[in-house]
Structure formats: C-alpha cells, structure tokens
Amino acid sequence: MRRSTLNVTVAIGFLAVTMGILVARANPATDYEPSVYAGAPTITWFGFALALAIAVGATLSCRGRQQGLGIGLGGLTVTAIVSLPILRNYRFAGMGDALTHLGWTRDIVTGGTAPHELFYPGLHSIATVLHFAGGVSIERGLLIGMVVLFVPFVVFVPLVVRDMTGDELAVGLAAIVSWMVLPINNIATHMGVHTNSNALFLVPPVLFAIVAYLRRRSTLERLPLGVSPFSVLVFLTGLALLLVHPQQMFNVVVLIGAISGVQFLARRRYDDHPMLEHPTTHVHTLSLGALFGLWALGNERFRQAVGGLVTGLLAQDIGGSTEVNQRGTSLTEIGGSLTELFVKMFLDAAIIGLIVGCFILVVWLGRTSLDGETRSLVNYFAFALFPLSAMFLVYFLGTPTMAFRQMGFIYVLLTILAGIALARLVGGLSGVITKPGANAVTALVLGACLVLGLMTVFTSPLIYNPGQHVTDEMMSGYEDGFDHGADDVPYAGMGYDPYRYEQGINGVAGGGDTVGGASAATGSVNATVFSEGNYSGAYPTDEYYFVVTDWDKSRELDVYRELNYDRRALEGLETEPGANKVISNDDFEMYAIDSAP
C-alpha cells in the first residue's frame, strides 16, 4: 500500500473513533443501563469497530512511523471504550468496593481522613486532585482516575516488548494483545473503580523500568555516584504501584526476586552467558521488599487479609472448587453453563496462554532463533511465572477472589510474552504461506479474540452480571432514605446490602460497616421467605426498610430469571398492608415494612 493511501486510511480511523466519542457524548444515559454496550449508540460502535480494524491492519502490515500511528489509533480506541461511563455521563459506575472507595475519597475531600491513612491511597488522591483542581464531582474524578491509570497499560506493553526484542512485528502484536485487556476477568478484577484492578495497568511501566535497567548499560546513562537512572525509575514506578495497591507491588517484588534468583544460578553455572552481562537485581529485590514490608505489615487490613487466607486454607468448605460448583449449579438453573461462560470470558485468554506456554517450551528446548539477549529476558519472565503460579494455587485453595486477582497479574506478563511468541508464530507461518497471507490469518484470529475480549471488559447480561451503572436517581433515592429514615431501623436490599451506598454517600470514616444496624451479612432479606409473600418475616427485626433499585430488578428478575426472588412477590408490595412506599423515583423505591401495621 502506498504511503499516501495508508496515511488517508489511518486518518479515516482517527476520524471514526472521534465520531464515536462525540456521538457517545451527545447521547448520555438517561436511565439505568444493564449493559454499557447496548446503551451506547450504534454509530459509536461502528466508529470504534472501523478504527480498530484499521489499527490492527496498520499495526501488522506497517513498520516505523506508520506502525506507530496504528498502535496509537488502537490504544486510543480501546481507551475510548474504557471511558464510555464518562462519555455517557454516568453518575458513577460500580457497586460494592467501588462505593467504599467513593466514601474514602469523600473522607479525604472533607478532611475526615488523610491520604496516607489509607492502605492504597493512589486512586483516591488522583480523584481528589481532579475534584479540587478541575472542579469535577468526586464520582467523576474517580472514573477519570480509572482511565488515567489504564492508559499506561496500552502505552507501555509495546514499549516493554520493544526493549526486550526490538522486533517491530512483536511490538505490534503485543499492542494488539494489550487491547484485549486480558488482566480483567470480571471475577476478581474489574474495569471500574477497583484499586487492585487499576494497579494491574501500572505494572507494565515497572516492567519497562526493569528491562531498561537490565539492557541499557552505557556509562553515559548514569546519575551521580554511578546510579543507573533506570534503577531509580524501578523504585519510583514501584512506589507508585504500592500506593495504588500493595498486592500488585508484592507480585513485582516476587518477579524481581525470581530474576535475581535466575541471575544467581546463571553466575554459578555459566562462564559465558548474556545474563552475566546484566546488572543484578538483588538490591532492588531487597529494597522494594523492605518498602512493601514497612507499608503493609503495620496495616490492619493487610493483617486481616492474611488471616482470611490462613482461615481459608484450613477450612474445608472454602476454596475455588467449592465456589465454582456453586456458580455452576446456579448457571444451570437460569439456562446457562460454565462452558458457555468460560468461552465468553476466558477463551481469548486461554488461546493466548496456550500460545505463550508453547513458546516458552520451544525456547527451553533451544528450538528458536531468538538472540541470546532476548532469550535471557524471556527466561526471566518465564521463570518468574513459577512462584507467581504457586501463589495462585495457594490463593485458590484459601481465598478464591485473591486467586483471580493473581491471575490478572500473571496475564500482564503473558500479554507481554504473547507479542514475542506471536511474532515467532507469524514468522513460521510466513514460511508455509505468503507473508501477506500470514498477516491476514493473524489479523482474523486476533481480531476475533479482540472482539471477544472487549465484549467482556465490562460486566453485562452477556456474562450473567448486569452493568453496575449508578444513576442520579439511585444516589438521590439512597440519600433521601438515609436522611429521613428512622434511627435504629435497619435497611435491607434485594440480594444487595445498602450499607455500601451509605459509605459512598456519607463517607467511611467513623461510620463503620452498618446502616441502621444492618451490615453486609444482614443487609438482605431472606429470598425464600420474601418470595412467598411473607414480607415481615423475611427479615429478623419487626420493622425494616426494604430498598430496591432498577439494578436489583435487572439482576434478580431479568438476568437471574427469578432464581432467588419472585417477580410477583415484588409486585405484591404495592398492595401489602404492612408495606408502605416511602420513597420512589424512576430507578429507586424504598418501603417501610412493619409486622404490626
């Protein structure tokens, strides 16, 4: 393709993504949306699809500046997709932990909590700065902060691969795989205000600093006292990661420790090897480990997490297998299956994981044409997967949620290794068929994986989990309910406890984990009793407030197909003498339930 034609094509791609952004912005969400995908205008998705198609083609077929434009186009488009809650003017996005993070940020803004008093204040501090400097709401500041922390992922994944191998095809393929956002699995890592997940996107800058430190050994690149600037960069990026979430920082410590161990063994075994030319990472392992220890060991939340892990390992009824069995049974009852859910959520990750696994095996067998330097860097990451995978197994047996968070970190590494692995695969395929044919096959396969990955980057009914869109009406309904509710009367929801909203609205400092006496454990009515129409008997107290939002209805009635709650029982509240509707708007209803009306 001629350069002028290519420039015009890429320009069309940028115009397409710009059109998609402007149309999404011009059509804000007016009601609760179970799916951000279905809620966005069709023209928006057409623009994004066209832009991604052009980006994939340019990234695979071009080199130099043109490839850079393709990578930039793809990164911009994926960032626009991640930014849809902001573009569509969502009040907020995220239930559960996200609302607690909103409460912590509100505490910082009002002065009730200092940033350093939080275990992971990074995202909250960014939102606070945006709130005061930009005049945006706290909720919007957190959503923008989520996107700010996402951008380094799509920028630094191809940069890490470029530093590892210098192969432009590998750089482009790594960029395409990064657009699949494989670290997000929607089980324990989420695209939203979730600091553990947000921290995953800061891992590539740390890895870039590590690889740069290992490879760039020129004496011209030295600070006073002979300190490498990339060594300083390792510490600074590690500190930033620690402030966003320490668990991912600990994973980085494990990774650097594994590199240090491989270097130690290489020096004992070989007299001539590329690893012997690399500066050691022993100091980085000890210093970053000490930094993590000083920050984490004195924190109560960290000690509770460790205690929960130990309890899970010792208990027989806690663990990944138990949770999988429970969810598999529930899926069958609503017409789904674990196989179907696996295909939707993990097929692309499984394909990439299989390709990387085979590639590592080929490297270890010595059947690859990689130069010694690149092979050494690949081996560093490959050997680091052993302790990281061992941690995954421990988590899986103890606290399954932590296991899937660990999987998120592992897939950051696999995303990087996938670029090099796929480049070898495409090179081999080019020897069987033509180079344009190999590019076409690769584009089709990766394009399909890219669509599948982006279809599940947000929760939606497609994966039996409605989108966590928080509307103005939901917020105002909860605000009125908390302001005007009687003291000591608990609030209960339909499968979801309202106390998280209380934290998001009024802050966490000094409020505890209850609202009106109800907590996460007691903040829902008994589904079976409620569905039988026994409203007063569905909660232990004689009097309580029953709260239901459009998100609750979408989840329990539409997505779960009345698995837990019966639609007729919910409708029966309208005529129940002991149930009085006290607050109502388009997305929120609150009833006062009294056993003795």
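Because the structure is predicted, anything quoted here is derived from the model rather than measured.

Draft legend 1. The arrangement of the pattern of salt bridges in detail. A full pass over the atoms with the stated rule returns 16 salt bridges. The residue Glu589 makes a salt bridge to Lys553 at a minimum N-O spacing of 3.8 Å. Of this pair, Glu589 sits in strand S6 (residues 588-594) while Lys553 is found in helix H24 (residues 550-559), placing the two residues 36 residues apart along the sequence. Since its relative accessible area comes to 15%, Glu589 is described here as buried. Bridged by salt links that share partners, the residues Arg91, Arg106, Glu139, Asp472 and Glu479 form one connected network.

Draft legend 2. A look at the packing of aromatic side chains. Taken as a whole, this structure holds 26 aromatic pairs when the rule is applied. Between the aromatic rings of Phe150 and Phe201, the centroid separation amounts to 5.0 Å while the plane-to-plane angle is 80°, which identifies the pairing as edge-to-face. Remark: Phe201 occurs in the loop between helix H10 (195-200) and helix H11 (203-215) and Phe150 occurs in helix H8 (residues 138-165); sequence separation between them is 51 residues. We note that Phe150, like Phe201, is buried. Relative to Tyr535, the ring of Phe530 has its centre 5.2 Å away and its plane inclined at 70°; by these criteria the two rings are edge-to-face.

Draft legend 3. The arrangement of the packing of helix H1 (residues 3-26) against helix H4 (residues 65-82) in detail. Where H1 meets H4, the closest approach of the two axes is 10 Å, and the angle between their N-to-C directions is 10°. In terms of their interaxial angle, H1 and H4 are classed as roughly parallel. The residues of H4 that touch H1, namely those facing Arg3, Leu6, Asn7, Val10, Gly13, Phe14, Val17 and Ile21, are Arg65, Gln66, Leu69, Gly72, Leu73, Leu76, Thr77 and Ala80. Per-class residue counts for the contact of H1 with H4 are 9 nonpolar, 5 polar and 2 charged.

Draft legend 4. Fine view of the sheet that holds strand S4 (residues 543-549). Across the sheet, 4 strands lie side by side as S3-S4-S6-S5; this open sheet has mixed pairing. Edge positions in the sheet fall to strand S3 (491-493) and strand S5 (579-584), since each has one partner strand and no second. Taken over all neighbouring pairs, the strand axes of this sheet differ in orientation by 30° on average, direction set aside. Pairing between S3 and S4: 3 bridges, direction parallel. Note that in S4 the partner of Ala492 across the bridge is Phe546. Docked against the sheet, helix H21 (residues 472-484) engages S3, S4, S5 and S6, running at close to 30° with respect to S6. Against the sheet, H24 makes contact with S4 and S6, and its axis sits at roughly 80° relative to S4, the strand it touches most.

Draft legend 5. Structural view of helix H14 (residues 282-296). If you check H14, its first and last C-alpha atoms are 21 Å apart, about what 15 residues at 1.5 Å a residue would give, namely 21 Å. Those residues of H14 lying buried are His284, Thr285, Leu288, Phe292, Gly293 and Ala296. Down the axis of H14, the sector holding all buried residues measures 155°, keeping them to one side. Exposed side chains of H14 directed beyond 90 degrees from the buried face belong to Val283, Leu286 and Leu294.

Draft legend 6. Local environment of the state of the cysteines. For the structure shown, the criterion picks out 0 disulfides. A disulfide-free cysteine, Cys449 has its sulfur positioned 15 Å from the sulfur of Cys358, the nearest such atom. Under the relative-accessibility criterion, Cys449 is labelled buried at 6%.

Draft legend 7. Highlighting helix H3 (residues 42-61). Look at H3: 29 Å from first C-alpha to last across 20 residues, which is about the 28 Å you get at 1.5 Å a residue. Here H3 has its buried residues at Thr44, Gly47, Phe48, Ala51, Leu52, Ile54, Ala55, Val56, Ala58, Thr59 and Leu60. Check the buried side of H3 and you find it contacts H1, H4, helix H5 (84-87), helix H9 (168-178) and helix H20 (435-455).

Draft legend 8. Here's a closer look at the packing of H21 against helix H22 (residues 499-506). Close contact between H21 and H22 brings their axes to 10 Å; oriented N to C, the two are set at 95°. Classified by the angle between their axes, H21 and H22 sit roughly perpendicular to one another. In contact with Met474, Met475, Tyr478, Glu479 and Phe482 of H21, H22 contributes Tyr501, Glu502, Ile505 and Asn506. For the contact of H21 with H22, a count of residues per class yields 6 nonpolar, 1 polar and 2 charged.

Draft legend 9. Molecular detail of a nonpolar patch on the surface. Taken together, Val8, Ile12, Met19, Ile43, Phe46 and Leu50 make up a surface patch of nonpolar side chains, about 520 Å² in accessible area. Of all the secondary structure elements, the ones that give two or more residues to the nonpolar patch are H1 and H3. Tracing the chain through its elements places Phe46 in helix H3.

Draft legend 10. Just the nonpolar core, in detail. Grouped together as the largest cluster of nonpolar side chains are 170 residues, with contacts concentrated most on Met164, Trp179, Leu207 and Tyr501. By residue number, the principal contributor to this core is helix H19 (residues 400-432), which donates 17 residues. Once you skip the residues sitting within four places of it in the chain, Tyr501 turns out to touch Met95, Leu99, Val470, Met474, Met475, Tyr478, Phe482 and Tyr496. Among the nonpolar cores identified, the runner-up in size contains 21 residues, and Val529, Tyr544, Tyr591 and Ile593 belong to it.

Draft legend 11. Structural detail: the side chain of Glu556. Tracing the sequence through the fold places Glu556 in helix H24. Sequence-distant contacts of Glu556, that is, excluding residues within four places in its chain, are made with Met494, Gly495, Arg561, Glu562, Leu563, Asn564 and Tyr565.

Draft legend 12. Looking closely at unusual backbone geometry. One non-glycine residue, Val181, lies in positive phi territory at about 50°. Note on placement: Val181 falls in the loop between H9 and H10. Positive phi is not limited to glycine here, since Asp488 has a value of about 65°. Tracing the backbone shows Asp488 in the loop between H21 and S3.

Draft legend 13. Region of interest: the environment of Thr165. Examined against the element boundaries, Thr165 turns out to sit in helix H8. Judged by its relative accessible area of 17%, Thr165 falls in the buried class. For the pair formed by Thr165 and Leu377, sequence separation is 212 residues and the distance between their alpha carbons is 8.7 Å. Among residues more than four places away in sequence, those in contact with Thr165 are Ala170, Arg215, Thr374 and Ile420.

Reading the values: rules and limits
- Residues numbered from 1 in each chain as written.
- Predicted model: local features only at pLDDT ≥ 70, side-chain atom pairs only at ≥ 80, totals over all residues.
- Heavy atoms only, no water.
- Salt bridge = Lys/Arg side-chain N within 4 Å of Asp/Glu carboxyl O.
- Helix = DSSP H or I, 4+ residues; strand = E, 2+ residues; numbered from the N terminus.
- Buried < 20%, exposed > 50% of the residue type's maximum accessible area, 1.4 Å probe, protein only.
- Phe/Tyr/Trp six-rings, centres within 6.5 Å; stacked < 30°, edge-to-face > 60°.
- Axes fitted to C-alpha atoms, helices over the stretch in contact; angles between N-to-C directions.
- Parallel < 35°, antiparallel > 145°, perpendicular 65-115°, else oblique.
- Contact = heavy atoms within 4.5 Å.
- Nonpolar A, V, L, I, M, F, W, Y, C, P; charged D, E, K, R; others polar.
- Pairing = 2+ DSSP bridges.
- Expected span 1.5 Å × (residues − 1).
- Arc of directions from axis to C-beta.
- Disulfide = S-S within 2.5 Å.
- Patch = residues over 30% accessible without salt bridge, like charges linked within 9 Å, V, L, I, M, F, W, Y side chains within 5 Å.
- Areas by Shrake-Rupley, 256 points an atom, 1.4 Å probe, with all protein chains shown as cover.
- Core = buried A, V, L, I, M, F, W, Y, C linked by side-chain atoms within 4.5 Å.

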